[in-house]
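If you want the building blocks of each chain, they are given just below.
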Amino acid sequence: MTVPAPSTVTLKDTAMAATLQEILLTPDTQPKVIADCHTLIQEEISEKSGISGTTVKVAYKTVNTFAPGHLHYLLESLLPGMVGQLEPYWADFSASGGSEFGDYLAKRGDEVAEALLSVTDARAAASERATIIRAYRSVRGSAAKHVQAALPHVGDLVLKYAR
């Protein structure tokens, strides 16, 4: 399943649920969101280039080699925290009557990226897996720019379920 291209999903005449938790974390929806997040991550990583892109690809391969299935597990465990970090942006976006959540997030790129990375930072700080911690530390310095680049797609993923 491919996540829609940025700026292609809109909310024309759509009533939105009050919270992202109500939209994304229901028992029927959450597994679909996790699958879409996994696809989004794979697509974003495959598009990376240059030195930082190579570092991201090596870290991703390291995690998948030494801990198969770890990314899926991480997505399951991180999604509620990520949704919590996106919640105030969603509330403001909803109140403003906007139609493109990805554009809204991208315009606040630095702030949103750091909010989302606070979830992964906390997870890395609590981890006891040395290989995973090293892989995370190797990409954390450039992580904000990679997260910012993905924000239009993240917004579109949210809107996919908000419609």
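Note: the structure precedes this text.
Residues numbered from 1 in each chain as written. Predicted model: local features only at pLDDT ≥ 70, side-chain atom pairs only at ≥ 80, totals over all residues. Heavy atoms only, no water.

A. Focus on the nonpolar core. If you look at the biggest cluster of nonpolar residues, it comprises 33 residues, and the most contacted ones within it are Leu 20, Leu 24, Trp 90, Phe 101 and Leu 105. If you tally residues by element for this core, the top one is helix α4 (residues 70-96), at 11 residues. Setting aside residues no more than four positions away along its own chain, Phe 101 makes contact with Tyr 89, Trp 90, Phe 93, Gly 155, Val 158 and Leu 159. Counting eight residues, the second largest nonpolar core, distinct from the first, contains Val 56, Ala 59, Ile 132 and Val 139. (Core = buried A, V, L, I, M, F, W, Y, C linked by side-chain atoms within 4.5 Å. Buried < 20%, exposed > 50% of the residue type's maximum accessible area, 1.4 Å probe, protein only. Helix = DSSP H or I, 4+ residues; strand = E, 2+ residues; numbered from the N terminus. Contact = heavy atoms within 4.5 Å.)

B. Inspection of the layout of surface pockets at higher detail. Here the largest pocket defines a volume of roughly 1300 Å³. Around the largest pocket, the lining is made up of 42 residues, and of these Ile 41, Leu 71, Leu 78, Met 82 and Thr 120 lie nearest the centre. Listed by contribution, the elements that provide at least two residues to the lining of the largest pocket are α1 (20-24), α2 (30-46), α3 (50-66), α4, α6 (109-126) and α7 (130-162). For the lining of the largest pocket, the element with the most residues is α7, which contributes 12 residues. Of the residues in the lining of the largest pocket, the class split is 33 nonpolar, five polar and four charged. (1 Å grid on protein atoms, 1.4 Å probe; cavity = no way out; pocket = protein on both sides within 12 Å on 5 of 7 lines; lining within 4 Å. Points joined across faces, edges and corners; volume = space filled by probe spheres on them. Nonpolar A, V, L, I, M, F, W, Y, C, P; charged D, E, K, R; others polar.)

C. Looking closely at the packing of aromatic side chains. For the structure shown, the criterion picks out five aromatic pairs. Plain terms: the ring middles of Phe 93 and Phe 101 are 5.0 Å apart, the flat faces sit at 50° to each other, and that makes the pair tilted. Given a relative accessible area of 1%, Phe 93 falls into the buried group. Each ring, one from Phe 93 and one from Tyr 104, has its centre 5.6 Å from the other, and the planes form 65°; the classification is edge-to-face. Of this pair, Phe 93 sits in helix α4 while Tyr 104 sits in helix α5 (residues 101-107), and the two are 11 residues apart along the sequence. These aromatic residues form a ring-pair network of at least three members: Trp 90, Phe 93, Phe 101 and Tyr 104. (Phe/Tyr/Trp six-rings, centres within 6.5 Å; stacked < 30°, edge-to-face > 60°.)

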